[in-house]
Amino acid sequence: QVQLVESGGGLVQPGGSLRLSCAASGSIFSIDTMGWYRQAPGKQRELVAQITTIGSTNYPGSVRGRFTISRDNAKNTVYLQMISLKPEDTAVYYCNADVVGPEGLLQNYWGQGTQVTVSS
């Protein structure tokens, strides 16, 4: 089994910054794509950022230029640096990872989520 544990969420004023972290642990041989998603009340879960093993990134237009995803492969950890936060960024943020286990099978995992609230 694999666990993804997020940290770094909280309350921040508009224009502020936050850095989220997500550490993967458990039966891991390697990790392929890692990403962050978010879900606001009454809305569908949406992609916020993705990063491949070699560092290629993908962002939707709503966060491009404000959010930066990075990863530390040695620590099986992915980060999301968020700046210029807006009230519409308020949501539960979820970590996601495609993990190859020791048996060679690829499985997708989700973290438990961390709340980000942008409000004055």
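Please refer to the structure higher up on the page.
Worth saying up front: this structure is predicted, and the values here are computed from it rather than measured.

### Quick notes on the state of the cysteines
Phase 1: Tallied over the entire structure, the rule returns one disulfide.
Phase 2: What pairs with Cys22 in a disulfide is Cys95, and their sulfur atoms sit 2.1 Å apart. The sign of the S-S torsion, about -80°, decides the handedness of the disulfide formed by Cys22 and Cys95: left-handed. Of the two residues, Cys22 is situated in strand β3 (residues 18-26) and Cys95 in strand β9 (residues 91-100); the sequence distance between them amounts to 73 residues.
Phase 3: On the basis of relative accessibility, which here comes to 0%, the residue Cys95 falls in the buried class.

### What about the pattern of salt bridges?
Phase 1: In this structure the tally under the stated criterion is three salt bridges.
Phase 2: A salt bridge links Glu46 to Arg38; the nearest nitrogen and oxygen atoms lie 2.7 Å apart.
Phase 3: For Arg38, a relative accessible area of 6% puts it in the buried group.
Phase 4: With a closest N to O distance of 2.9 Å, Arg38 and Asp89 form a salt bridge. Taken as a pair, Arg38 in strand β4 (residues 30-39) and Asp89 in the loop between β8 (77-82) and β9 lie far apart in primary sequence, 51 residues in all.
Phase 5: Asp89 gets classed as buried once you look at its relative accessible area, which sits at 0%.
Phase 6: Among the charged side chains, a network of salt bridges with common partners joins Arg38, Glu46, Arg66 and Asp89.

### Considering the environment of Pro41
Phase 1: The topology assignment puts Pro41 in the loop between β4 and β5 (46-51).
Phase 2: Relative accessible area serves as the criterion here: at 76%, Pro41 is assigned to the exposed category.
Phase 3: Separated by 51 residues in the primary sequence, Pro41 and Val92 have C-alpha atoms spaced 8.6 Å apart.

Criteria and thresholds
- Residues numbered from 1 in each chain as written.
- Predicted model: local features only at pLDDT ≥ 70, side-chain atom pairs only at ≥ 80, totals over all residues.
- Heavy atoms only, no water.
- Disulfide = S-S within 2.5 Å.
- Helix = DSSP H or I, 4+ residues; strand = E, 2+ residues; numbered from the N terminus.
- Buried < 20%, exposed > 50% of the residue type's maximum accessible area, 1.4 Å probe, protein only.
- Salt bridge = Lys/Arg side-chain N within 4 Å of Asp/Glu carboxyl O.

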